[in-house]
Amino acid sequence: MAPAVEAGAQSGAHPDRMDFAQWMPAIQQRVERALDARLPSVDLAPAKLHEAMRYAVLGGGKRVRPLLAFAAGELTGAPDATVERIAVAIEFIHAYSLVHDDLPCMDDDVLRRGRPTCHVRFDEATAMLAGDALQSEALAVVVDAPLAADPARNTGLLRMFALACGSRGMAGGQAIDLAAVGQSMTLPELERMHSLKTGALIRASIMMGAGCGDTYDENLDARLSRFADIVGLAFQVVDDILDVEASSSELGKTAGKDAMQNKPTFVSILGLDAAKARLRQLHREAREALAGLGERARRLSEIADFIILRKH
Ligand code: GRG
């Protein structure tokens, strides 16, 4: 099947649309402002908790999930303001997951986004509460106003969001991950764990971004759903490869951690070369999933390229 668009292709056919190289920082800056505006001020008590929440969210991060939500929203003419709320809520959840993941009772890490982790900068109790509070804040953001005009669709999107975060999504994947340390895993078991741990939120970003647009339909649902699963998996394969190949300063987090902790990864199960081959295959499949959606899927295709070809 032919790709929807060529990898990394720049716009030009549609002068009303920015190049990806301009679009990406524009969305990242928009999201940064929205996150800042939505987070409680440090002037508000309890100041230390609010400072920790802001530390966890602001001033770092690629904002991949917001980029996916905005790109998916372009497919269905989703209102920017609604996609922005989805992006903010998802990024709050993502930040909370990183803060909790770094705690001594989980991954026990000291470096995140090139800075001390939240519990190192503050303390463990504050980091735990900052994660908890970010989760509640995310809920407040998505229920501020309907995500879709149709009440059933709105409920469906909220439900999708809730499930992506819980034991049948991210938290469940994390539980499987923690239990897997020092254990062997088959490739399907590893893929299942990652489809929950990182895939569920990536999937929610794409499906919610598109789902709040008026022209969302069943045909799109099947194609997007497949694309979301592939990109979620590819994101993790890249992460595993970078854990082996990149340095801590390039990654902004401790490199080589998976091997150190004896964790099953795509690299440990397949070997580095086969993991890279699997990534190339996923890249092709991601483009194929978008084939037939035409120009409006360009951004999604470009982000898939960005995620898969990233070096940090
Ligand atoms: C604590 C409930 C709970 C869940 C934690 C997502 C997760 C589950 C843990 C993160 C551990 C980790 C490093 C997973 C690898 C994939 C991943 C989520 C990487 C970080 O995401 P990026 O690269 O981070 O989007 P930035 O910093 O760019 O936002």
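Predicted, not measured: the structure shown is a model, and the values here were computed from it.

Can you tell me about the overall build of the protein, naming the residues and giving the values?
Counting its secondary structure elements, the protein contains 16 helices and two strands. Relative to the globule expectation of 20 Å for 312 residues, the C-alpha radius of gyration of the protein, 19 Å, shows essentially globular dimensions. Based on the C-alpha atoms only, the size of the protein along its principal axes is roughly 50 × 50 × 35 Å. Of all 312 residues assigned to the protein, the portion counted as buried reaches 53%. In the protein, 74% of the contacts between residues at least 6 apart in sequence involve partners at least 24 apart.

Tell me about the side chain of Asp177, residues and numbers included.
As for its placement among the helices and strands, Asp177 is situated in helix 8 (residues 170-180). Setting aside residues no more than four positions away along its own chain, Asp177 makes contact with Met193, Lys197 and Lys263.

Before we move on, could you go through the site of the ligand and cite the residues and values that matter?
Taken together, 19 residues surround the ligand, and among them Lys62, Arg65, His94, Asp101 and Arg113 come closest. In this structure, Lys62 approaches the ligand through a side-chain N or O atom, which is 2.6 Å from an oxygen atom. Contact between the ligand and Arg113: an oxygen atom at 2.8 Å from a side-chain N or O atom of the residue. When the ligand sits alone it has 700 Å² of accessible area, and the protein chains cover 92% of it. Only helix 4 (80-102), helix 8 and helix 11 (218-245) provide two or more residues apiece to the shell around the ligand. With six residues, helix 4 is the largest single contributor of residues to the shell around the ligand. Taken together, the residues that form the shell around the ligand break down as five nonpolar, seven polar and seven charged.

Go over the packing of aromatic side chains, please, and point to the residues and values.
Inspection of the entire model under this criterion finds three aromatic pairs. With centroids separated by 5.5 Å and ring planes inclined at 75°, the aromatic side chains of Tyr55 and Phe122 adopt a geometry described as edge-to-face. Here Tyr55, found in helix 2 (residues 47-57), pairs with Phe122, found in the loop between helix 5 (118-121) and helix 6 (124-143); they are 67 residues apart in sequence, far enough to count as distant. Look at Tyr55 and you get buried, because its relative accessible area is 14%. Grouped by ring-pair contacts, the aromatic residues Phe20, Trp23 and Phe306 constitute a single cluster. Sitting over the face of the ring of Phe235, Arg65 holds its NZ or CZ atom 5.2 Å from the ring centroid. It is Arg121 that lies over the ring of Tyr55; its NZ or CZ is 5.7 Å from the centre.

Run through the side chain of Thr76, naming residues and quoting values.
Inspection of the secondary structure assignment puts Thr76 in helix 3 (residues 64-76). Within the structure, Thr76 has its side chain in polar contact with the backbone oxygen of Ala210 (distance 2.8 Å). Setting aside residues no more than four positions away along its own chain, Thr76 makes contact with Gly209, Ala210, Gly213, Asp214, Thr215, Tyr216 and Leu220.

So, the pattern of salt bridges: which residues are in play, and what are the values?
Counted by the stated rule, this structure contains 22 salt bridges. We note a salt bridge from Glu32 to Arg63, for which the minimum N-O separation is 3.0 Å. In this pair, Glu32 sits in helix 1 (residues 20-38) while Arg63 sits in the loop between helix 2 and helix 3, placing the two residues 31 residues apart along the sequence. Between Asp101 and Arg112 there is a salt bridge, and its shortest N-O distance comes to 3.8 Å. Of this pair, Asp101 sits in helix 4 while Arg112 sits in strand 1 (residues 111-112), and the two are eleven residues apart along the sequence. Given a relative accessible area of 13%, Asp101 falls into the buried group. We classify Arg112 as buried; its relative accessible area is 19%. Via salt bridges that share partners, Glu32, Arg63, Glu91 and Arg113 belong to a single interconnected network.

The rules we used
Here the residue index of a chain counts from 1 through its sequence in written order. In keeping with the model being predicted, local features are shown solely for residues with a pLDDT of at least 70 and side-chain atom pairs are shown and tallied solely at 80 or more, while totals for entire chains, interfaces and linings include all residues. Note that the side-chain values use all heavy atoms of the structure and ignore hydrogens as well as water. Secondary structure elements follow DSSP: runs of H or I no shorter than four residues count as helices, runs of E no shorter than two count as strands, and numbering proceeds from the N terminus. Atoms considered for the radius of gyration are the C-alpha atoms alone. The globule rule reads 2.2 Å times the number of residues to the power 0.38. Exposure classes here rest on a 1.4 Å probe applied to the protein chains alone. A residue is buried below 20% of its type maximum, exposed above 50%, and partly exposed in between. Residue contacts are defined here by distance: any two heavy atoms, one from each residue, within 4.5 Å place the two residues in contact. Near is defined per residue: the residue qualifies when any heavy atom it owns lies within 4 Å of the molecule or strand. Think of a polar contact as two N or O atoms within 3.5 Å of one another; within protein, one of them needs to be a possible hydrogen donor and the other a possible acceptor, and neighboring residues in sequence only count if both atoms come from side chains. For every accessible area listed, the method is Shrake-Rupley and the probe measures 1.4 Å; residues are considered covered only by the protein chains on display. Asp, Glu, Lys and Arg are counted as charged, while Ala, Val, Leu, Ile, Met, Phe, Trp, Tyr, Cys and Pro are counted as nonpolar; the rest, among them Gly, fall into the polar class. Side-chain rings of Phe, Tyr and Trp (the six-membered ring for Trp) are treated as a pair once their centres are within 6.5 Å; stacked means planes under 30 degrees apart, edge-to-face means over 60, and tilted covers the remaining angles. For a ring to carry a charge above it, either NZ of a lysine or CZ of an arginine must fall within 6 Å of the ring centroid while also lying within 35 degrees of the normal to the ring plane. Whenever a carboxyl oxygen of Asp or Glu lies within 4 Å of a side-chain nitrogen of Lys or Arg, that contact is scored as a salt bridge.

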